[in-house]
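# Observations on chain architecture
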Amino acid sequence: MRAKINELRVELQQSRAFHSPAHEAMVSILRTAAVLQRHLSQVVEASGVTAPQYNVLRILRGAGAEGLPTLAIRDRMIEEAAGITRLLDKLEAAGFVERSRTTPDRRQVVCRITEPGLAVLHALDAPVDNIHVMAFEHLSDAEQRQLIELLGTIRAACSGRAKAE
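Residues numbered from 1 in each chain as written. Predicted model: local features only at pLDDT ≥ 70, side-chain atom pairs only at ≥ 80, totals over all residues. Heavy atoms only, no water.

### So, the packing of helix α2 (residues 21-45) against helix α6 (residues 115-136)
Filter applied, for reference: Only the stretch in contact is used when fitting a helix axis, every axis being a line fitted to C-alpha atoms; angles between N-to-C directions are given from 0 to 180 degrees. Going along the chain from the N terminus, every DSSP run of H or I of four or more residues is numbered as a helix, and every run of E of two or more is numbered as a strand. For this classification, under 35 degrees means roughly parallel, over 145 means roughly antiparallel, 65 to 115 means roughly perpendicular, and everything else is oblique. For any pair of crossing helices, the crossing counts as left-handed if the nearer helix is rotated counterclockwise from the farther one by less than a right angle, and right-handed if it is rotated clockwise. By the convention used here, residues are in contact when the closest approach between their heavy atoms is within 4.5 Å. Side-chain classes are defined by residue name, with Ala, Val, Leu, Ile, Met, Phe, Trp, Tyr, Cys and Pro counting as nonpolar, Asp, Glu, Lys and Arg as charged, and the others, Gly among them, as polar.
Packing of α2 against α6 brings their axes to within 10 Å, and their N-to-C directions diverge by 160°. The pairing of α2 with α6 is recorded here as roughly antiparallel in orientation. Both α2 and α6 take part in a crossing whose hand is right-handed. In this structure, α2 uses Leu36, His39, Leu40, Val43 and Val44 to contact α6, whose residues at the interface are Leu124, Pro127, Val128, Ile131, Met134 and Ala135. In terms of residue class, the contact of α2 with α6 is made up of 10 nonpolar, one polar and no charged.

### Structural notes on the nonpolar core
This is how the line gets drawn: Residues enter a nonpolar core if they are buried and are Ala, Val, Leu, Ile, Met, Phe, Trp, Tyr or Cys, with the set joined through side-chain atoms within 4.5 Å. For the exposure calls, accessible area comes from a 1.4 Å probe over protein chains only, and a residue counts as buried if that area is under 20% of its type's maximum, exposed if over 50%, partly exposed in between.
Counting residues in hydrophobic clusters, the biggest one holds 28 residues, and the most contacted among them are Val56, Leu57 and Ile73. Looking at this core element by element, the count peaks at seven residues for helix α3 (residues 51-63). The contact partners of Leu57, leaving out residues within four places of it in the chain, are Val49, Leu91, Phe96, Val97, Ile113, Val120 and Leu121.

### Details of the sheet that holds strand β2 (residues 97-100)
Quick reminder of the rule: Two strands form a pair only when DSSP identifies at least two bridges running between them.
The antiparallel open sheet is built from three strands, whose spatial order is β1-β3-β2. Here the strands that pair on one side only, and so sit at the sheet edges, are β1 (68-69) and β2. Inspection of the sheet shows β1 paired to strand β3 (residues 110-113) by two bridges, in the antiparallel sense. Directly across from Pro69, in β3, lies its bridge partner Val110.

### Details of the pattern of salt bridges
Heads up, the condition is: By convention in these notes, a salt bridge is any Lys or Arg side-chain nitrogen within 4 Å of a carboxyl oxygen on Asp or Glu.
Following the criterion strictly, the structure yields four salt bridges and no others. In this structure, Asp75 and Arg74 form a salt bridge, with 3.2 Å as the shortest nitrogen-oxygen distance. Accessibility expressed as a relative area gives 35% for Arg74, which makes it partly exposed. Across the pair Arg99 and Asp89 runs a salt bridge whose closest N-O atoms are separated by 2.5 Å. Linking Arg99 in strand β2 with Asp89 in helix α5 (residues 84-93), this pair joins segments that are 10 residues apart in sequence. In this structure Asp89 comes out as partly exposed when scored by relative accessible area, which is 36%. Each of the salt bridges in this network shares a partner with another, and the network as a whole consists of Asp89, Glu92 and Arg99.

Following this line, the structure appears as C-alpha cells:
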C-alpha cells in the first residue's frame, strides 16, 4: 500500500479524529472534488467561460449536429444547474451556442454548439487533459478503474436511496 501523501486531518487542520471511516471518506471525496474543481476553473476561466459553461459546451459537442433540448443538457451536467437557461443565455450571447425551436412542440428549445464554441473547447482540450494527468498520474490504470468503480457504487447507492425516499 502506498504511503499517505496528505492526511486529510492535517490538510484541514483538524485536531479531532473523524467520527467514522464513512465520515472521513465523505469529507475526503468532497475536498478532493473541490481541489479538482479549483484547478479546472482556473484553466477554463482563462478562456472566458466558467466551469459550468464549459460543461455545457462539452455536452453539446458530444451531442453533435442534432443538438439537445435544454432539459437534456441540464440532466447531463456534472453538477446540478438550476439556472440552465441563464447559462445558455450567456453562452448564446458569447456566440458559443445557438438555440432554435424546430420541433412541433414550440416549448422545446434545441441547443447546438457553434464553430466559436468548438474553437473554445479545442483550445481547452490539452490544458484540461493536463489536469487529468496531473491528478491521476500517481495511480495505476487498475487503481483508476477501482476508484471509478467505487465512486460509481457510492453514486448508485445515493441515487437509489434518494428515489426510495
